[in-house]
Amino acid sequence: MTRIALAVWLALPGALTAAPPNFAKEVAPILEQHCIRCHHPGNRKGELSLTTMSDLKESGQVVPGKPDESPLLKLVTPKAGSTRARMPKEGKPLTAAEVAVLRRWIAEGATWPEGAVLREKAKADGTWWSLQPLGKAEPLAPPGLPADWANHAIDRFVFARLAEKGLRPSPPADRLTLIRRLTYDLTGLPPSPSEIEKFLHDNAPDAYEKLVDRLLASPQYGEQWGRHWLDVVRFGESNGYERNVLINNVWPFRDYVIRSLNEDRPFDQLILEHLAGDVVARGKPDREIGTAFLVCGPYDNVGNGDPAQAALIRANHLDEIIRATAESFLGLTLGCARCHDHKFDPITQRDYYSLYATFAGVRHADRPIVSKDERETQQAQLEKLKKQRDQLGKERDDLLQVIRRRDAQPTAAEEARLGELKTELDKLNQAIAAAPPLPRVWAGTFDADAGKRPYHLFLGGDPQKKGAAVTPASLSVLAGLPSRYELPATASETDRRLALAKWIIGADNPLTPRVLANRLWHYHFGTGIVDTPSDFGWMGSRPSHPELLDWLARQVDVHGWKLKPLHRLIVTSQTYRQASTWSDAAAKADADSRLLWRFPPRRLTGEEVRDTMLTAAAKLDRSKMGGPGFRLYRYVEDNVATYHPLDRHGPETYRRAVYHQNARAARVDLLSDFDCPDPAAAAPRRASTTTPLQALALLNHRFTHDMAQFASARVEKEAGTRSADQVRLAFVLAYGRPPDAEELERCVPVVEKHGLRTLWRALLNSSELIYLR
Amino acid sequence: MSEHLWSMTRRQFLGNFYTGLAGIGLADLFAAEDGWQPGRGQTHHPARARRVLQIFCPGAASHLDLWDHKPALAKHAGKALPGEEKLVSFQGANGGLFPSPWKFRPAGQSGKMISSMLPHMARHADDIAFIHSMTSKTNTHGPGCIFMNTGHAVEGFPAAGAWLGHALGSANENLPAYVAIPDIRGEPPNGKANWSNGFLPARHQGIVMAAHEPIRNLTGPRDLTDKEREATGGLLDFLNRRHATVDPGNSELQARITAYELAGKMQLSAPQVMNLAGETATTHKLYGTDDSNTLKAAYARNCLLARRLLERGVRYVNLYCASRASGADGALNWDAHKTLQKDYERHIPIFDQPTAALLTDLKQRGLLRDTLVLWTTEFGRMPTQQAGTPGRDHNPDGFTCWLMGAGIQGGTSYGATDEFGRRAVDKVTTVWDLHATVLHLLGFDHTRLNWRHNGLDRRLTDVHGSVIPDILV
């Protein structure tokens, strides 16, 4: 801790009066800014560290009193005719004034105060906003607050920020817009014509709230919001890297996420199960499966004969788990501290390797996941069979011995008995071999010996260069919290993960509820209050509504970590229910509507686009929830795997896109084109791009054609033979609204001349279908 | 119009729209005076190269049997590698030193020693700058390939071609800025991650196209009549234009209309570029497109396609010669673990003539003046044989890559491995140095070409890389 070390040193009167230049005020900052990042004990580029006096002496870089003989000075001074000095290799070169300070310092004897340790400072320190306890601010009633915005805390927070910028909220959206917006938001699907009809004519004062409750209770809610979470935790179903083979038994994790959200199980429990389900829920398959989180990322399974390379690969695997954990739950980019202390956030390399020591027992593998009963029944059955086998085996051995001792041919009776025994034993052996194996799930295995080994920093991230010893511990920057922990080096493998999980969901941890609340906001409004949902550090964004974020984060605990009440809270606000009408004036102050003067329109996700097309065609099989996924590629495995996108998507693929077996580095039509992320990395925020490849896929892929045919057949069946009626139904199915007169006038002749499928092909390609307002 | 027509996110559209920059077409690039911005055809400094052809031989093509002549291997054949007598590498134990089965011959004015298996390539020796001191940080194919292409040995990072698309934008609105041409035998190790846009916007991904494989979804279902297509297009345009007026603030809606126009243009221009029939018989013969070796002919057609793409303004072409590993080592790519001689007698003839023809053709057409050609592979091979079998194991500690064309000093050999070719010892060079040099020639300071992602300003060269001035003109 530089600051502490230097502060102590500054307090020494002798130091303050030392010969110029002042080490702490002039020299140390130069070294800290330009040199320490690469030249510290955790990195030692060029086998050089410059953090302590003994480092400096050992380096031979400085000859006290003789600046011209000191290599350090030569390295930072540009040679004649050159614009850049050899050092620092990266970042800003030293200014002439800084070089002059170093020259003077060396000339004056290069004194280094006793005990001073230099350290590169992170940009953010412990006072960083996201590390502070949750604020207690309650919403005020700013002047000018509209009456219908006065009752909801969220609205008052949002209005206050709008008012600061001289902005006003938009009027409420109409019911057609609202039901489409809300149905997509909560379920990822369009509302059906009858659902629209019902909502339009529901005169009850709580018609909207009833709609919210119906949608939150529908099983499609878990599919939609489960998909969001699967993005965050980089859930993929192939191992990636060179072999990239499919993992066919990790789908139970997807079902677990969807089921847990539908049942509204407290999210802190989910986090606990993600990190230590094998500990907290052993024998309860529905929950134990959570540990698949640890191993559903990419990993390299090629194998390596070179031990140094093998160690590096193993370190990469653990790095992937460490990063996924820190980013998903804490919104911290801990991976940056693998080679050196974090440059931006107050995270040390020691913090990183404390997590390394925590996860060191995790292996990418499957394991049997069954209930206690199942396991015991299976064991009991097997033991019974084995016991019988042993008894009969003994009888046979005894009999054979008797015969051998007698030294004569077996009698007929003995012969018969031996035959019987052989038949019986064969049967038993077959039964034992045929006993169904316990179902295995890709949820990781845990090496208990990991709790018995010592762990060290890896200098510069290199497993061959061991640094100081580390033990499992909470992040040092939050060491002031009561929940902090540091386990002894002898702590068991399971205790390590459990301690971390409990710390992450600890009542005093400010990061977890903030990050979670922000994720919900992000998916409801398209942009989070912090628009970098997995980075709440210095390189991330600052919250647009800090007080609202903290208020929401406190609601997480108020509602027992259940998400449905939080959704309800957000979507019943007037902020959410505003129209999305454009305003030039408001856009001048806030073009992206970060302050929410209108509801920000968004494009549908790739999954939503596909599910919508299937729904319009009445082909989406909603009942096929869960289980192994379907594939939009042909899978070829010859040592390594290749994924060939399919030109035809058959009826077996007419399921919700969340059930697509997403392999890494595999592109499929439509989904990949519409920015469904490659689970090579986490995707806490999806891109929304517009490309000609999307146009080509939507225009030309057989899937569009098939859906246009099916949708046409459906409309013919449901709307009768009049073209105008057909167009009306098609518009409601595609856009959630009837056509206006001009549209009708334009579309009817097309239907009459070219048939319904031409209308449908245009609708399925059109912008209104894939944009939400 | 270019970049924002090819595709865009809303913010970028607004940016271009309001500054009135109408795109760069095929006009010259210009170095930004100050305030460089990506995607507008601007460079940091004047560019030597306007486009890149990267030829990639996956499977780890052996430096010792192609480009890096090591007479000491013959002299000490069968003896243990000094200092590493018990060498254990990727596949395990190693045997004695293993000389190349082929003679090396001097080539060109420079007298560069090149394997006699490469008679066609040898004619270009005086135009090539060899880097014999390349190193990789992994000895595994997949991570090695993406390391060479993206500067990172893990997936999720943009390839060099994607970075260039981000930096400059497209030069031809009818074709993608970045094209990957996989080999007819299949994708390279780690597949599509080699031409990924990573965290950059989707429009920067390498578009797959090969003589044997057109761009996906270029044509629609056959049972649609032209009248139906026309009617769909007309109605779609009506619907989209109308909807765009509903939300004038959402420029994505305008962008979608443009994207459909562009798709229409691509439907016309992509088949044109793929159509090799217009090339002269002499050209076909030069490349070997009708060779009786069908793998060679297929690669030759891809070489010809590469030239056609480059001359039409595609900025980055990733051309592959061989594919990922099959169950049998060395069958589908350059991974000659067990039977080096047999494997390379299959692979080298596929590579030699068509590649040399492509270089000749580029030169004849004057394209080489502003096209940078790279020859790469993911790492090298061991100077020893694998225990008990005449093949070579993986060697990330020393191998060869080469450059040619725009801004490159031909007839150069830069850096060196030790006398056996085991390790780079002189002017040790990293993949990041290579990338820094490529970006430098394209007009970019590699430290300034970055993108904020998950809390870090990421770049092609990670936090490393130095330009190699010694190979530049």
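Residues numbered from 1 in each chain as written. Chains lettered and ligands numbered in written order. Predicted model: local features only at pLDDT ≥ 70, side-chain atom pairs only at ≥ 80, totals over all residues. Heavy atoms only, no water.

K.L.:
Looking at this model, I keep getting lost on the overall build of chain A. Mind explaining?
P.N.:
Regarding its fold elements, chain A presents 32 helices and ten strands. If you line up chain A on its principal axes, its C-alpha atoms span 110 × 95 × 55 Å. A burial count over chain A gives 58% of its 773 residues as buried. Sequence separation of at least 24 residues holds for 70% of the intrachain contacts in chain A that already meet a minimum separation of 6. Of the roughly 31,500 Å² of accessible surface on chain A, 54% is carried by carbon and sulfur atoms. Here chain A carries 105 positive and 97 negative side-chain charges, and the mean point of each set is 2 Å from the other. (Helix = DSSP H or I, 4+ residues; strand = E, 2+ residues; numbered from the N terminus. Buried < 20%, exposed > 50% of the residue type's maximum accessible area, 1.4 Å probe, protein only. Contact = heavy atoms within 4.5 Å. Areas by Shrake-Rupley, 256 points an atom, 1.4 Å probe, with all protein chains shown as cover. Lys, Arg positive; Asp, Glu negative; His and termini not counted. Charge placed at Lys NZ, Arg CZ, Asp CG, Glu CD.)

K.L.:
Which parts of the structure should I look at to understand the pairing of strand S5 (residues 92-97) of chain B?
P.N.:
Two faces make up the sheet, and in a regular strand the side chains alternate between them. All names here are of chain B. Note: strand S4 (residues 88-89) against S5, two bridges, orientation antiparallel. Each bridged residue has a counterpart across the sheet, and for valine 88 the counterpart in S5 is alanine 93. Between the end of S4 and the start of S5, which pair antiparallel, lie two residues. The sheet contact formed by S5 and strand S14 (residues 384-386) spans two bridges and is antiparallel. By the bridge assignment for S14, asparagine 94 is matched with glutamine 386. (Pairing = 2+ DSSP bridges.)

K.L.:
How do you make sense of the packing of aromatic side chains when you look at a structure like this?
P.N.:
Aromatic rings considered in pairs are described by the distance between their centres and by the relative angle of their planes. Scanning the entire structure with this criterion turns up 40 aromatic pairs over all chains. Taking the centre distance of 4.9 Å and the plane angle of 50° together, the rings of Phe23(A) and Trp112(A) count as tilted. Linking Phe23(A) in helix H3 (residues 23-34) with Trp112(A) in the loop between helix H6 (96-107) and helix H7 (153-164), this pair joins segments that are 89 residues apart in sequence. In terms of burial, Phe23(A) and Trp112(A) fall into one category: buried. Pairing Tyr352(A) with Tyr353(A) gives two aromatic rings, centres 4.7 Å apart and planes at 70°, and the pair type is edge-to-face. Each member of the pair, Tyr352(A) together with Tyr353(A), is buried. The lysine or arginine in question, Arg497(A), covers the ring of Phe446(A), its NZ or CZ lying 3.7 Å from the ring centre. A cation over a ring is seen here: Arg746(A) above Phe238(B), with NZ or CZ 5.3 Å from the ring centre. (Phe/Tyr/Trp six-rings, centres within 6.5 Å; stacked < 30°, edge-to-face > 60°. Lys NZ or Arg CZ within 6 Å of the ring centre and 35° of its normal.)

K.L.:
Looking at this model, I keep getting lost on the pattern of salt bridges. Mind explaining?
P.N.:
Pairing between side chains of opposite charge can happen when their charged atoms approach one another. Under the criterion given, the structure shown has 83 salt bridges over all chains. Residues Asp725(A) and Arg722(A) are paired through a salt bridge, measuring 3.7 Å at the closest nitrogen-oxygen approach. The partner of Glu742(A) in a salt bridge is Arg242(B), with the nearest N and O atoms 2.9 Å apart. Note that Glu742(A) is positioned in helix H30 (residues 741-754) and Arg242(B) in helix H8 (residues 226-246), a pairing that runs across two chains. The exposure class of Glu742(A) is partly exposed, given its relative accessible area of 44%. With relative accessibility at 22%, the residue Arg242(B) sits in the partly exposed group. (Salt bridge = Lys/Arg side-chain N within 4 Å of Asp/Glu carboxyl O.)

K.L.:
Honestly, the interface of chain B and chain A in this entry has me stumped. Any pointers?
P.N.:
By a widely used convention, the size of an interface equals the accessible area lost when the partners come together. Each partner contributes residues to the interface: chain B has 77 residues there, and chain A has 81 residues. Of the roughly 6,800 Å² buried between chain B and chain A on both sides combined, carbon and sulfur atoms contribute 55%. Applying the counting rule to chain B against chain A returns nine salt bridges. Arg242(B) serves as the salt-bridge partner of Glu743(A), at 2.9 Å between the closest nitrogen and oxygen. The interface formed by chain B and chain A holds 33 residue pairs in polar contact (both at pLDDT 80 or more) in total. Put simply, the parts of the chain that give the side of chain B that touches chain A at least two residues each are helix H2 (10-19), S4, helix H6 (141-150), H8, helix H9 (251-274) and strand S22 (456-459) of chain B. No other element matches the 13 residues that H8(B) contributes to the side of chain B that touches chain A. (Buried area = accessible area lost by both parts, 1.4 Å probe. Polar contact = N/O pair within 3.5 Å; in protein donor to acceptor, adjacent residues only side chain to side chain.)

K.L.:
Honestly, the domain arrangement of chain B in this entry has me stumped. Any pointers?
P.N.:
Domain annotation for chain B reports domain 1 (1-34) and domain 2 (43-222 + 259-471). For domain 1 of chain B versus domain 2 of chain B, the separation of C-alpha centres amounts to 30 Å. (Domains from an automatic or database assignment.)

K.L.:
Explanation requested: H6(A) in the structure shown.
P.N.:
Three- or four-residue spacings in an α-helix give side chains the same orientation, since the helix completes a turn every 3.6 residues. All names here are of chain A. Here H6 contains twelve residues, and its C-alpha end-to-end distance of 16 Å stays within 8% of the 16 Å for a straight helix at 1.5 Å per residue. Burial in H6 covers these residues: Glu98, Val99, Val101, Leu102, Trp105 and Ile106. All buried residues of H6 lie within an arc of 155° about the axis, which places them on one face of the element. In H6, the exposed residues that point more than 90 degrees away from the buried face are Ala96 and Ala97. Residues of H6 that are buried sit in contact with H3, helix H4 (53-59) and helix H5 (71-76). Remark: glycine 109 follows H6 within two positions and exhibits a positive phi of approximately 110°. (Expected span 1.5 Å × (residues − 1). Arc of directions from axis to C-beta.)

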